[in-house]
Amino acid sequence: MQRRWLRDNLVQQLCRSDSYYTRLIYIRLCKSAIEIFSDKYFKDYFFDHLLDLAGDPVPNIRLCVANLFAFLKQMLVLPEDKLLNERLNDAMRKYANDEEDRDVIQVFQSKMKEMKNVSTDAKDEYKKEQKRRREEEDKINSGSKPMVIVADIRTLSPSSANLHGDRSRKAATGVSSKTSVQGSPRCVTDKSVQLIERFVL
């Protein structure tokens, strides 16, 4: 019950926040969830909410979501994930047909190429890792002590591309995502996500 309350509050206070910085925190949290949890857990509790941000009015938010498209696509197994697959395909069609921001388009096109170039060995390794994670989660649910292993997301992905979604120009808010001063998106998300990971994940 407490975990459900925490997850619901993460969606309400982060994903659906009016603050651009806070929505970035949710995307960073999703990246951490991809590293920690199984694809099943992510699809159950994060997938839909992350896709909600694909239509965000701030270009840098859309760019960060596009950075994760290859990972999201890799999670889906048909026919059981038919609805999620339709949602993801719909979001990608909008990026392909309606997106006007140059940086977002560039990242999106790069991720589309990654999806087409995933090797068989990489797919097999991904399946093995997800099986291990699901088994560990089953142990947690049954009350057993799990063996904690946090995988490097780069070893489970189509490529080792940057996942932070940073870009050199200013976002729609007028604040660059690479700004290093306190209060910048990157500074805020790093500190906040570390806190959430410690007490929630």
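Preceding block: the structure.
The text that follows walks through the structure, step by step, so that each part is easy to find. Quick caveat: nothing in here was measured; it's all calculated off a predicted structure.

Topic: the overall build of the protein
Okay, so step 1: Each helix and strand in the protein was counted, giving ten helices and zero strands.
Okay, so step 2: Beginning at the N terminus, the succession of helices and strands in the protein can be written as α-α-α-α-α-α-α-α-α-α.
Okay, so step 3: Taken over 201 residues, the protein has a buried fraction of 46%.
Okay, so step 4: Restricting the contact set of the protein to residue pairs at least 6 apart, pairs at least 24 apart contribute 67%.
Okay, so step 5: In the structure as shown, the protein presents an accessible area of about 11600 Å², 49% of it carried by carbon and sulfur atoms.

Here we look at the nonpolar core
When a protein is soluble and globular, its nonpolar side chains tend to lie buried together.
Okay, so step 1: If you look at the biggest cluster of nonpolar residues, it comprises 44 residues, and the most contacted ones within it are Tyr26, Ile27, Phe42, Phe46, Phe47, Phe69 and Leu72.
Okay, so step 2: Residue assignment for this core shows that the elements contributing at least two residues are helix 1 (2-15), helix 2 (20-36), helix 3 (39-45), helix 4 (47-52), helix 5 (59-66), helix 6 (69-75), helix 7 (82-98) and helix 8 (102-116).
Okay, so step 3: If you tally residues by element for this core, the top one is helix 2, at nine residues.
Okay, so step 4: Setting aside anything within four residues of it in sequence, one finds phenylalanine 69 in contact with Leu51, Leu88, Ala91, Met92, Tyr95, Phe108, Met112 and Met115.

Some points on the pattern of salt bridges
Side chains that differ in sign of charge can pair as their charged atoms come close.
Okay, so step 1: On inspection of all chains with the given rule, the structure shows 14 salt bridges.
Okay, so step 2: The network of salt bridges with common partners includes Asp48, Asp52 and Arg87.

Focus: helix 2
Okay, so step 1: A rise of 1.5 Å per residue sets the reference length of helix 2, with its 17 residues, at 24 Å; its end C-alpha atoms lie 25 Å apart and thus fit the reference within 8%.
Okay, so step 2: Across the 17 residues of helix 2, 14 count as buried, placing the element largely inside the fold.

So, the packing of helix 7 against helix 8
Okay, so step 1: As a packed pair, helix 7 and helix 8 sit with axes 10 Å apart at the nearest point and diverge in direction by 130°. The orientation of helix 7 with respect to helix 8, classified from their angle, is oblique. The two elements helix 7 and helix 8 cross, and the hand of that crossing is left-handed. Here helix 7 contributes Met92, Tyr95 and Ala96 to the contact with helix 8, which in turn contributes Val104, Phe108, Met112 and Met115.
Okay, so step 2: When grouped by side-chain class, the residues that make up the contact of helix 7 with helix 8 number seven nonpolar, no polar and no charged.

With respect to the packing of aromatic side chains
Okay, so step 1: Under the definition given, this model contains ten aromatic pairs.
Okay, so step 2: The ring of tyrosine 45 carries the charged tip of arginine 7 above its face, separated from the ring centre by 3.7 Å.

Examining the environment of lysine 131
Okay, so step 1: Mapping lysine 131 onto the fold places it in helix 9 (residues 120-142).
Okay, so step 2: Here lysine 131 falls in the partly exposed class, since its relative accessible area comes to 46%.
Okay, so step 3: In the structure, lysine 131 is positioned 92 residues away from aspartate 39 in sequence and 9.3 Å away in space, judged by C-alpha atoms.

A few points about the packing of helix 2 against helix 5
Okay, so step 1: Taken N-terminus to C-terminus, the directions of helix 2 and helix 5 make an angle of 0°; their axes are 10 Å apart at the nearest point. Taken together, helix 2 and helix 5 sit at an angle that is classed as roughly parallel. On the side of helix 2, the interface is formed by Tyr20, Arg23, Leu24 and Ile27, while helix 5 contributes Asn60, Ile61, Cys64 and Val65.
Okay, so step 2: Residues belonging to the contact of helix 2 with helix 5 are distributed by class as follows: six nonpolar, one polar and one charged.

What counts and how
- Residues numbered from 1 in each chain as written.
- Predicted model: local features only at pLDDT ≥ 70, side-chain atom pairs only at ≥ 80, totals over all residues.
- Heavy atoms only, no water.
- Helix = DSSP H or I, 4+ residues; strand = E, 2+ residues; numbered from the N terminus.
- Buried < 20%, exposed > 50% of the residue type's maximum accessible area, 1.4 Å probe, protein only.
- Contact = heavy atoms within 4.5 Å.
- Areas by Shrake-Rupley, 256 points an atom, 1.4 Å probe, with all protein chains shown as cover.
- Core = buried A, V, L, I, M, F, W, Y, C linked by side-chain atoms within 4.5 Å.
- Salt bridge = Lys/Arg side-chain N within 4 Å of Asp/Glu carboxyl O.
- Expected span 1.5 Å × (residues − 1).
- Axes fitted to C-alpha atoms, helices over the stretch in contact; angles between N-to-C directions.
- Parallel < 35°, antiparallel > 145°, perpendicular 65-115°, else oblique.
- Left-handed = near helix turned anticlockwise from the far one by under 90°.
- Nonpolar A, V, L, I, M, F, W, Y, C, P; charged D, E, K, R; others polar.
- Phe/Tyr/Trp six-rings, centres within 6.5 Å; stacked < 30°, edge-to-face > 60°.
- Lys NZ or Arg CZ within 6 Å of the ring centre and 35° of its normal.

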